[in-house]
Amino acid sequence: MKIVDFSQNNTLLNQFLAEIRDVHIQGDSLRFRRNIERIGEIMAYEISRDFPYMPLTVQTPLAQATENVPAVQPVIATILRAGLPLHQGFLNYFDRAENAFVSAYRKYVDADHFDIHIEYIASPRLDGKVLIQVDPMLATGGSMELAYRALLTKGEPAHIHVVSVIASRQAVEHVAKTLPADKTTIWCAAIDPELNAHSYIVPGLGDAGDLCYGEKE
């Protein structure tokens with residue numbers, strides 16, 4: 001399974017990553033959402049390199065021109081609610097993509113233990129398609145796995161791109177074990193070393209959904 005950690009290279013993405021982590025900046029929810037969206041745009045561009053391409057001839061005002069364009073359009077699947085800005089970043093570039101949405105949330109048994117529940121799914125058929133499954137925070141990997149299994153009720157994709165802004169090493173290992181290795185690629189803006197007792201990524205950035213849209217009860 002191919003695993004890509006963008007933080008291993010010096011690019012503009014690291015500036016956006018620094019800002020969403022910074023407590024002095026992340027309180028600006030508009031900027032926080034926009035930075036997540038920008039990271040999605042950069043990652044979409046990089047993922048597009050893995051697509052098959054085909055020649056397309058178009059008529060300019062002066063003559064014909066042939067350009068290589070993607071031969072497939074992906075399905076972008078998002079785990080609600082924190083995933084929406086990242087989804088938009090991908091949709092800005094894959095503007096002909098189909099879209100899918102899954103709700104996954106933690107239901108706490110006590111202060112330190114929780115189960116992950118899936119309650120809603122809206123998706124086109126996925127048979128033979130490229131699935132880009134996005135969630136800004138990949139903490140344990142459980143939500144990503146369950147969302148993928150829920151999406152399988154809509155068909156078997158040809159390839160799966162798992163996308164996260166910040167992932168824990170534990171979550172990356174979990175996804176690598178639970179999704180099909182021969183057709184899955186994991187893309188992360190950064191992979192952090194650990195989880196705390198509440199399964200939050202350390203150093204991470206906090207609760208991405210709250211930072212995007214405000215605190216929830």
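Draft legend 1. Spatial organisation of the packing of aromatic side chains. Tallying each qualifying case throughout the model produces three aromatic pairs. An aromatic cluster is built from F51, F90 and F94, whose rings are joined through pairwise contacts.

Draft legend 2. Fine view of the environment of I79. Relative to the helices and strands, I79 resides in strand β4 (residues 75-80). Look at I79 and you get buried, because its relative accessible area is 4%. Each C-alpha atom, one on I79 and one on F16, is 21 Å from the other, the two residues being 63 residues apart in sequence.

Draft legend 3. Region of the structure containing the pairing of strand β3 (residues 64-70). By the bridge criterion, seven bridges tie strand β2 (residues 53-59) to β3 in an arrangement that is antiparallel. Opposite V58, over in β3, you have A65 as the bridge partner. Between β2 and β3, which pair antiparallel and follow one another directly, the connecting turn spans four residues.

Draft legend 4. Layout of a nonpolar patch on the surface. Judged by side-chain polarity, L80, L84, Y120 and Y213 come together as a nonpolar surface patch covering roughly 340 Å² of accessible area. When you line up the elements, L80 lands in strand β4. For L80, a relative accessible area of 31% translates into the label partly exposed.

Draft legend 5. How the structure looks around the pattern of salt bridges. One pass over the structure, following the stated rule, counts eleven salt bridges. In this structure, the salt-bridge partner of R34 is E37, at a minimum N-O distance of 3.4 Å. Of this pair, R34 and E37 both sit in helix α2 (residues 29-48), three residues apart, which is roughly one turn of that helix. With relative accessibility at 31%, the residue R34 sits in the partly exposed group. Exposure remark for E37: the relative accessible area of 18% places this residue in the buried category. Because the salt bridges share partners, they merge into one network encompassing R34, E37 and E41.

Draft legend 6. Summary view of the packing of helix α1 (residues 13-21) against α2. Axis separation between α1 and α2 bottoms out at 9 Å; the angle between their running directions is 150°. Here α1 is positioned roughly antiparallel relative to α2, judged by the angle of their axes. Like other packed secondary-structure pairs, α1 and α2 cross with a definite hand, here left-handed. Of α2, the residues touching α1 (which contributes L13, F16, L17, E19 and I20) are R31, F32, N35, I36, R38, I39, I42 and M43. Classifying every residue of the contact of α1 with α2 gives nine nonpolar, one polar and three charged.

Draft legend 7. A look at the pairing of β4. In terms of burial, β4 is largely enclosed, as five of its six residues are buried. The sheet contact formed by β4 and strand β7 (residues 130-134) spans four bridges and is parallel. Looking at β7, one finds that A77 is bridged to Q133.

Draft legend 8. A look at the state of the cysteines. By the definition in use, this model includes zero disulfides. Counting only cysteine sulfurs, C212 is the nearest neighbor of C188, a cysteine outside any disulfide, at a range of 17 Å. When its relative accessible area of 2% is taken as the criterion, C212 is described as buried.

Draft legend 9. The nonpolar core, seen in detail. By size, the foremost hydrophobic cluster in this structure holds 36 residues, and its most contacted members are F90, V163 and V165. Only α1, α2, α3 (84-93), β7, β9 (159-168), β10 (184-192) and α6 (208-213) provide two or more residues apiece to this core. The residues contacting F90, other than those within four sequence positions of it, are G40, M43, A44, I47, I76, I132, V134 and V163. Counting 23 residues, the second largest nonpolar core, distinct from the first, contains V102, L138, Y148 and V175.

Conventions we followed
- Residues numbered from 1 in each chain as written.
- Predicted model: local features only at pLDDT ≥ 70, side-chain atom pairs only at ≥ 80, totals over all residues.
- Heavy atoms only, no water.
- Phe/Tyr/Trp six-rings, centres within 6.5 Å; stacked < 30°, edge-to-face > 60°.
- Helix = DSSP H or I, 4+ residues; strand = E, 2+ residues; numbered from the N terminus.
- Buried < 20%, exposed > 50% of the residue type's maximum accessible area, 1.4 Å probe, protein only.
- Pairing = 2+ DSSP bridges.
- Patch = residues over 30% accessible without salt bridge, like charges linked within 9 Å, V, L, I, M, F, W, Y side chains within 5 Å.
- Areas by Shrake-Rupley, 256 points an atom, 1.4 Å probe, with all protein chains shown as cover.
- Salt bridge = Lys/Arg side-chain N within 4 Å of Asp/Glu carboxyl O.
- Axes fitted to C-alpha atoms, helices over the stretch in contact; angles between N-to-C directions.
- Parallel < 35°, antiparallel > 145°, perpendicular 65-115°, else oblique.
- Left-handed = near helix turned anticlockwise from the far one by under 90°.
- Contact = heavy atoms within 4.5 Å.
- Nonpolar A, V, L, I, M, F, W, Y, C, P; charged D, E, K, R; others polar.
- Disulfide = S-S within 2.5 Å.
- Core = buried A, V, L, I, M, F, W, Y, C linked by side-chain atoms within 4.5 Å.

Taken by themselves, the reported measurements are silent on function.
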